[in-house]
Amino acid sequence: MKVVFAMDSMKGCLSSLECGEAAAKGLIRAIPDARYIVRPLADGGEGTARAVTMGCGGEFIKLDVIGPLGRKVNAEYGIIDNDEGIKTAIIEIASAAGITLISDNEKDPFKTTTYGVGELINDALSRGCRGFIIGLGGSATNDLGIGMLQALGVKFYDSTGTIVGKDAAYLTGSDLEFIYNIDMNDMNPLIKESNFRIACDVNNPLTGENGASHIYGPQKGLFQSEIQVMDKWFEQFVSTLSCKLGTEIDSTEPGMGAAGGLGFAFKHFLNGSLEKGNKIVIEETNLLKYIKEADIIVTGEGTLDNQTKNGKAPVGIAGIAKQFGKTVISLVGAVAPAFDGDKLPDVDAYFPILRRPETEADATEAAKAMVNLSATSEQVFNLIKATMNTSF
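Everything in this summary refers to the structure shown in the same document.

For strand β6 (residues 131-135), a buried count of five out of five residues is recorded, marking the element as mostly surrounded by other parts of the structure. Burial of β6 is two-sided: the residues Gly-131, Ile-133 and Gly-135 facing one way and the residues Phe-132 and Ile-134 facing the other way are all buried. Of the strand pairs in this sheet, strand β5 (residues 87-92) and β6 are connected by five bridges, and their pairing is parallel. The partner of Thr-88 across the bridge, within β6, is Gly-131.

This part takes up the sheet that holds strand β1 (residues 2-7). Strands sit in the order β2-β1-β11-β12-β13 across an open sheet of five strands; the sheet is parallel. Here the strands that pair on one side only, and so sit at the sheet edges, are β2 (35-40) and β13 (349-352). Ignoring which end each strand starts from, the neighbouring axes of this sheet average 20° apart. Bridge count between β1 and strand β11 (residues 296-304): three bridges; the pairing is parallel.

With that settled, consider the pattern of salt bridges. In this structure the tally under the stated criterion is 19 salt bridges. Across the pair Arg-71 and Glu-106 runs a salt bridge, and its minimum N-O distance is 2.8 Å. Of the two residues, Arg-71 is situated in the loop between β3 (59-66) and β4 (72-81) and Glu-106 in the loop between α3 (94-97) and α4 (115-126); the sequence distance between them amounts to 35 residues. For Arg-71, a relative accessible area of 43% puts it in the partly exposed group. Arg-197 is the partner of Glu-283 in a salt bridge, and the nearest nitrogen-oxygen pair spans 2.6 Å. With Glu-283 in helix α9 (residues 277-284) and Arg-197 in strand β9 (residues 195-199), this residue pair connects regions lying 86 residues apart in the sequence. Its relative accessible area of 43% is what places Glu-283 among the partly exposed residues. Residue classification places Arg-197 among the buried residues on the basis of a relative accessible area of 12%.

Buried residues dominate β5, accounting for five of its six residues. The sheet contact formed by β4 and β5 spans four bridges and is antiparallel. Within β5, the residue paired with Ile-80 across the bridge is Thr-88.

With that settled, the discussion passes to the side chain of Thr-112. The residue Thr-112 is located in the loop between α3 and α4 in this model. Look at Thr-112 and you get buried, because its relative accessible area is 0%. Beyond its immediate chain neighbours, meaning those up to four positions away, Thr-112 contacts Pro-68, Leu-69, Ile-102, Ala-140, Thr-141, Asn-142, Asp-143, Thr-172 and Gly-173.

With seven of its nine residues buried, helix α8 (residues 262-270) lies for the most part within the structure. Buried within α8 we find Leu-262, Gly-263, Phe-264, Ala-265, Phe-266, Phe-269 and Leu-270. Backbone geometry just downstream of α8 places Asn-271 in the positive-phi region, at approximately 55°.

The next subject is the packing of aromatic side chains. Taken as a whole and judged by the stated rule, the model has eight aromatic pairs. For the ring pair Phe-237 and Phe-264, a centre distance of 6.4 Å and an interplane angle of 75° mean the geometry is edge-to-face. With Phe-237 in helix α7 (residues 224-245) and Phe-264 in helix α8, the pair connects residues that are 27 residues apart, well separated along the chain. Given a relative accessible area of 0%, Phe-264 falls into the buried group. Over the face of the ring belonging to Phe-60 we find Arg-50, whose NZ or CZ atom lies 4.2 Å from the ring centre.

Right, let's talk about the nonpolar core for a bit. Core analysis: the biggest nonpolar cluster contains 59 residues, and Ile-121 and Phe-266 have the highest contact counts within it. In terms of residue count, the dominant contributor to this core is α7 (seven residues). In this structure, Phe-266 is in contact with Val-117, Ile-121, Ile-134, Leu-136, Met-148, Phe-196, Ile-198, Asn-271 and Gly-272, ignoring residues within four places of it in sequence. Counting residues in hydrophobic clusters, the runner-up holds 27 residues, among them Leu-17, Ile-329, Ala-369 and Val-380.

Another aspect to go through is the packing of α7 against α8. Close contact between α7 and α8 brings their axes to 13 Å; oriented N to C, the two are set at 5°. The orientation of α7 relative to α8 falls into the category roughly parallel. Between α7 and α8, the residues in contact are Phe-237, Val-238 and Leu-241 and Phe-264, His-268 and Phe-269, respectively.

Rules used throughout
Residues numbered from 1 in each chain as written. Predicted model: local features only at pLDDT ≥ 70, side-chain atom pairs only at ≥ 80, totals over all residues. Heavy atoms only, no water. Buried < 20%, exposed > 50% of the residue type's maximum accessible area, 1.4 Å probe, protein only. Helix = DSSP H or I, 4+ residues; strand = E, 2+ residues; numbered from the N terminus. Pairing = 2+ DSSP bridges. Axes fitted to C-alpha atoms, helices over the stretch in contact; angles between N-to-C directions. Salt bridge = Lys/Arg side-chain N within 4 Å of Asp/Glu carboxyl O. Contact = heavy atoms within 4.5 Å. Phe/Tyr/Trp six-rings, centres within 6.5 Å; stacked < 30°, edge-to-face > 60°. Lys NZ or Arg CZ within 6 Å of the ring centre and 35° of its normal. Core = buried A, V, L, I, M, F, W, Y, C linked by side-chain atoms within 4.5 Å. Parallel < 35°, antiparallel > 145°, perpendicular 65-115°, else oblique.

Structure, rendered in structure tokens:
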């Protein structure tokens, strides 16, 4: 028997690889001669950089950059080498501009910036990276990426021809009001030599009722009276860029509103391609090869809920596995009360790992979660061993 463990992280508790290793211990207790491999899994959000970098034997870079409110933060990104020898940087924008880096009473999209994201990209370029995987989840910003672009060398001008923010260390969301011209001549020239794959599972357009400001602005600190203001600034920016490029830009295109407009910035300034996060991770980690060679695929995540059915990483893995006729098992931390289905697409069976009533704090303690995960996995494979007639 050969088993592939490809589990998403249990956020705030266990990493993707830690989940896989814990579940693998249960397999070996049940079937000592089973063969297995643990591979990283992520959907482009929290934990993607560590999962992919560790899974591909890469290195981690730590760098002090300007955080979402201008305070220095120690951000981390990964570097891996692909089969063609191209260095690829794995960057989560949340490490430099994440909402978890500020307190609730500090949330204010007028004051937050993505400048630090640009600093990470510049650093990776200086280290020879020409491939980039960017995870867009968890931003504290709604600046349409102008902070990042400023760090990369783009200049913005107001209606009088004066550089916007010329005396400021970084641009913020409030500076969008004054941008009437854009100069990309001094953008880091290495960007043209680079390929940007953007992990984006958000379909929201940039502007309008389903756009970045309306849908995600409130959770980042926008008041209702401010939403329409920022949306108008976004429209103004799109119009300015359209004039600059001499072509009409569609701000309603899906994904452009991701991470406060960073989806738009990556596509139209860095020629980035927006893709499903789990698709990128599966391809970069060569997971398809391991799935083909396996008998059973074990996947999972922290909480099974209705979002899981809408394309989260475990379901993405299950869909691929079923193309090759593989058995798919999902081990999950818990099942959300709102989960209203008893069947996951392409998953043969799912099992919550909680074995007795306990508080959330106890259940999400790392050591306890590893024990629960390993014990549940052991019982699953005890059942498989008892019921399978085929000898592997």
